[in-house]
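# Structural overview for review
If you want the building blocks of each chain, they are given just below.
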Amino acid sequence: MNNLLTSYMGNATAPDGASIAFTLHVQPRDGSPARPCIVLIHSLALDRHIWDGVVPLLTPHADVLTYDCRGHGQSARVKMTYTPELFANDLASLLDHVNWPRATVAGCSMGGCIAQAFAGVYPDRVERLAVIDSTAWYGPTAPKDWRERATTAATKGFAALSAFQATRWVSDAFREAHPEVVRAHMDVFLANDVDCYRSTCEMLGDADLRHYQASMRMPVSVIVGEEDYATPVAMSEQIHQAVANSTLAVLPNVRHITPVECPDLIADKILALLKQIA
């Protein structure tokens, strides 16, 4: 059996022609059984690198796909109206590009919203679902709240949001112990396109994915940081209570971007999910 791992970057094309940048980590088959396939979806205004600590812990056990959502990172920065279903279609095209009929889908924050939409629109393509630090609905004031955040970025610049973001992403202890990690992700945040950021904020403010929950039949792992005040524990509890075949894990002493703050725990939860029968 060949244990060598091959990693490569590429670009897929969405239905509207937008380019979606990705990184694929696969083990050559060489006649061996197919390995599980895991796709990881990042959070708002960041990119696929939030998973850098998680990927090496998964690749001994599965092939792993990370990518930049449209409007983010190295993918096309298209000024348009965004919806979770549009992002779900982008993911479907990406899976077609890498010849994955089905996969375990895991998303953090915005990525969790996209993962839920993908499971709703393409249920037959989702073997298992991990919703991390996310929600199905941000609440009645969300359209106004998210538009205000976008306006701040447009009028004052992303730097005006940097302290607000850093304290939400990870705990005070993590920021003090790993300033270089926070700085690297902050550099990604500061490099965002303001029009794409506005479109994504509006998408999240308007999103209500609760109507997909009753039809989710795949195993679902709901994971949230105990100190997450961007998508508080109650939002994860709602998903868990509404989705029949789900589990809920509340991770102690961590905040909103748990793949960055505790990649080992996130990898453990995803690997445990792989053991559940799809």
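Rules behind the numbers
All chains use their own residue numbering, which begins from 1 and follows the written sequence. Residues qualify for local features only when their pLDDT is at least 70, as the model is predicted, and side-chain atom pairs are given and counted only at 80 or more; totals for whole chains, interfaces and linings, by contrast, use all residues. No hydrogens and no water enter the side-chain calculation; it runs on all heavy atoms of the structure. Each helix corresponds to a stretch of at least 4 residues labelled H or I by DSSP, and each strand to a stretch of at least 2 residues labelled E; elements are numbered beginning at the N terminus. What makes two residues a contact is simply this: any of their non-hydrogen atoms within 4.5 Å. Working definition: with a 1.4 Å probe on protein chains only, accessible area under 20% of the residue-type maximum means buried, over 50% means exposed, and in between means partly exposed. By definition, two strands form a pair when at least two bridges between them are found by DSSP. Handedness is read with the strands pointing away from the viewer; a crossover is right-handed when the path from the first strand over the helix to the second is clockwise. Any Phe, Tyr or Trp ring, taking Trp's six-membered ring, that has another such ring centre within 6.5 Å forms a pair; planes under 30 degrees apart are called stacked, those over 60 apart edge-to-face, and the others tilted. Look at NZ for Lys and CZ for Arg. If either is within 6 Å of the ring centre and within 35 degrees of the ring normal, a charge sits over the ring.

## Brief notes about the side chain of Q213
In this structure, Q213 sits in the loop between α8 (194–206) and β7 (220–225). Non-local contacts of Q213, meaning those with residues more than four positions away in its chain, are made with Q116, A136, Q238, I239, A242 and V243.

## Structural notes on the pairing of strand β5 (residues 103–108)
Among the 6 residues in β5, 6 count as buried, and that is most of the element. Here β5 shows no split at all, with A103, V105 and G107 on one side and T104, A106 and C108 on the other all buried. Where strand β3 (residues 37–41) lies against β5, 4 bridges are found, and the strand directions are parallel. Residue pairing for β5: V39 is matched across the bridge by V105. Note: β5 against strand β6 (residues 126–132), 6 bridges, orientation parallel. Directly across from V105, in β6, lies its bridge partner L129. Following the chain from β5 across helix α3 (residues 110–121) to the adjacent parallel β6, one finds a crossover that is right-handed.

## With respect to the packing of aromatic side chains
By convention here, two paired aromatic rings are described through the distance between centres and the angle between planes. Tallied over the entire structure, the rule returns 8 aromatic pairs. Arranged with centres 5.2 Å apart and planes meeting at 75°, the rings of Y82 and F87 form a pair that is edge-to-face. Aromatic side chains W169 and F189 sit 6.0 Å apart centroid to centroid with 80° between the ring planes, which places their arrangement in the edge-to-face category. With a gap of 20 residues between them, W169 in helix α5 (residues 162–169) and F189 in helix α7 (residues 179–190) connect regions that are remote in the sequence. Using a relative accessible area of 1% as the deciding quantity, one classes F189 as buried. The positively charged end of R149 is found above the aromatic ring belonging to W146, 4.1 Å away from the centroid.

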